[in-house]
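Spelled out from the first residue to the last, the chains are:
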Amino acid sequence: VAERLRTQIFAHDFPPGSWLDEQSLAEQYGISRTPMREAIKVLAAEGLITMKLRRGAYVTEVNQADLAQIFTVLSLLESEAAKTAALHASESELNRLDDLHLKLEKAAADRDLEQFFEINVRFHDLLLEITGNPWMTGVIADLRKVLKLQRRNSLDQTGRLQNSLLEHRGILKAILQRDGELAAKAMREHLAQGLVASR
């Protein structure tokens, strides 16, 4: 139930700020109110839904202050992941990062935004996998879900795809050179640009 509701929220069937009627949703899903209530709690824990005492629940609205705070946390965690990858990745993990980056280059050359976005996520996921830190991975996954509430894709902006690719090149180069500090710095700059593009 939570997965179905999450999918509808990401599809903007329920745009940010819209109130969720537990009873009518339960009827629409053909279930009782209890599993619907539990599903809403799950999505509230992820930050996708905001619950108000005695008023119900609504889809979280992400404002500029929220975006800045989210990117601050992402920057701290993902720069640490890039540093860890530079210092501790195995040769096969470095090869996997390199392979993903080649696919990213191809998607950019083809102007395939959807493919670029998907490979971009896989690149960042692999960095997290290399850290072997499930707590970091969990926090980042939840923050990314909240970012998905934004309808706009920053990659649609003129020049953003090319700039994102250049930033990725810098991150990968630092990791392949085993330069942890440079990898962390390149990731911080990448996320700072991501924040600017999200505004």
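Everything that follows concerns the structure shown earlier in this document.
As the structure is a computational prediction, the values presented were derived from the model and not from experiment.

Draft legend 1. Representation of the overall build of the protein chain within the structure. Looking only at helices and strands, the protein chain features nine helices and three strands. Listing every helix and strand of the protein chain by position from the N terminus yields α-β-α-α-β-β-α-α-α-α-α-α. When the backbone C-alpha atoms are referred to their principal axes, the protein chain occupies close to 55 × 35 × 30 Å. Relative to its full complement of 199 residues, the protein chain shows a buried share of 42%. Within the protein chain, residue pairs in contact and separated by at least 24 positions form 74% of the contacts whose partners lie at least 6 positions apart. As displayed, the protein chain has an accessible area near 10,700 Å², and 53% of this comes from carbon and sulfur atoms.

Draft legend 2. Representation of the side chain of Thr-131 in the model. Examined against the element boundaries, Thr-131 turns out to sit in helix H6 (residues 113–131). There is a polar contact of 3.2 Å between the side chain of Thr-131 and the backbone nitrogen of Asn-133. The residues contacting Thr-131, other than those within four sequence positions of it, are Ala-81, Thr-84 and Met-136.

Draft legend 3. Spotlight on the sheet that holds strand S1 (residues 19–20). Read from one edge of the open sheet, three strands run S1-S3-S2, paired in antiparallel fashion. Two strands close off the open sheet at either side, each with one partner strand: S1 and strand S2 (49–52). Inspection of the sheet shows S2 paired to strand S3 (residues 56–59) by four bridges, in the antiparallel sense. When the sheet's bridge partners are listed, Thr-50 is paired in S3 with Tyr-58.

Draft legend 4. Representation of the side chain of His-101. Along the chain, His-101 turns up in helix H5 (residues 91–109). Judged by its relative accessible area of 5%, His-101 is buried. Once residues within four sequence positions are removed from consideration, His-101 is found in contact with Leu-165, His-168, Arg-169 and Leu-172.

Draft legend 5. Representation of the nonpolar core within the structure. One finds Leu-5, Ile-9, Ile-49, Leu-97 and Ile-175 to be the most contacted residues of the largest nonpolar core, which totals 55 residues. Sort the elements by how many residues they give to this core and helix H4 (residues 64–88) lands first, with eight residues. In this view, Leu-97 contacts Phe-123, Leu-126, Leu-127, Ile-130, Leu-172 and Ile-175; residues no more than four positions away in its chain are not counted.

Draft legend 6. Structural view of the packing of helix H1 (residues 2–10) against helix H3 (residues 33–46). Two elements in contact, H1 and H3, have axes separated by 9 Å at closest approach and are oriented at 55 degrees. If you check the angle between H1 and H3, you find them oblique. Both H1 and H3 take part in a crossing whose hand is right-handed. Of H3, the residues touching H1 (which contributes Ala-2, Leu-5, Arg-6 and Ile-9) are Met-36, Ala-39, Ile-40, Val-42, Leu-43 and Glu-46. Split by residue class, the contact of H1 with H3 holds eight nonpolar, no polar and two charged.

What counts, and at which threshold
- The residue numbering used here restarts from 1 in each chain and proceeds along that chain's sequence as written.
- Local features are withheld for residues below a pLDDT of 70 in this predicted model, meaning they are given only at 70 or higher, and side-chain atom pairs are given and counted only at 80 or more; totals for whole chains, interfaces and linings count all residues.
- Excluded from the side-chain calculations are hydrogens and water; all other atoms, namely the structure's heavy atoms, are used.
- In this description a helix means any DSSP run of H or I spanning at least four residues, a strand means any run of E spanning at least two, and both kinds are numbered starting from the N terminus.
- Using a 1.4 Å probe on the protein chains alone, a residue whose accessible area is under 20% of its type maximum counts as buried, one over 50% counts as exposed, and one in between counts as partly exposed.
- Here a residue-residue contact requires only that any non-hydrogen atoms of the pair lie within 4.5 Å.
- Computed with the Shrake-Rupley method and a 1.4 Å probe, the accessible areas treat only the protein chains shown as cover for residues.
- Under the rule applied, a polar contact is a pair of N or O atoms within 3.5 Å (in protein, one hydrogen donor and one hydrogen acceptor; residues adjacent in sequence only if both atoms are side-chain atoms).
- DSSP-based pairing: two strands are paired if at least 2 bridges between them are found.
- Side-chain atoms within 4.5 Å link the members of a nonpolar core, which is a set of buried Ala, Val, Leu, Ile, Met, Phe, Trp, Tyr and Cys residues.
- Where helices are involved, their axes are fitted lines through C-alpha atoms of the stretch in contact, as for all axes, and angles between N-to-C directions lie from 0 to 180°.
- In this scheme, roughly parallel covers angles under 35 degrees and roughly antiparallel covers those over 145, while 65 to 115 is roughly perpendicular and the rest are oblique.
- Each crossing gets its hand from how the near helix is turned against the far one by less than a right angle, where anticlockwise is left-handed and clockwise is right-handed.
- Throughout, the ten residues Ala, Val, Leu, Ile, Met, Phe, Trp, Tyr, Cys and Pro are labelled nonpolar, Asp, Glu, Lys and Arg are labelled charged, and all others, Gly among them, are labelled polar.

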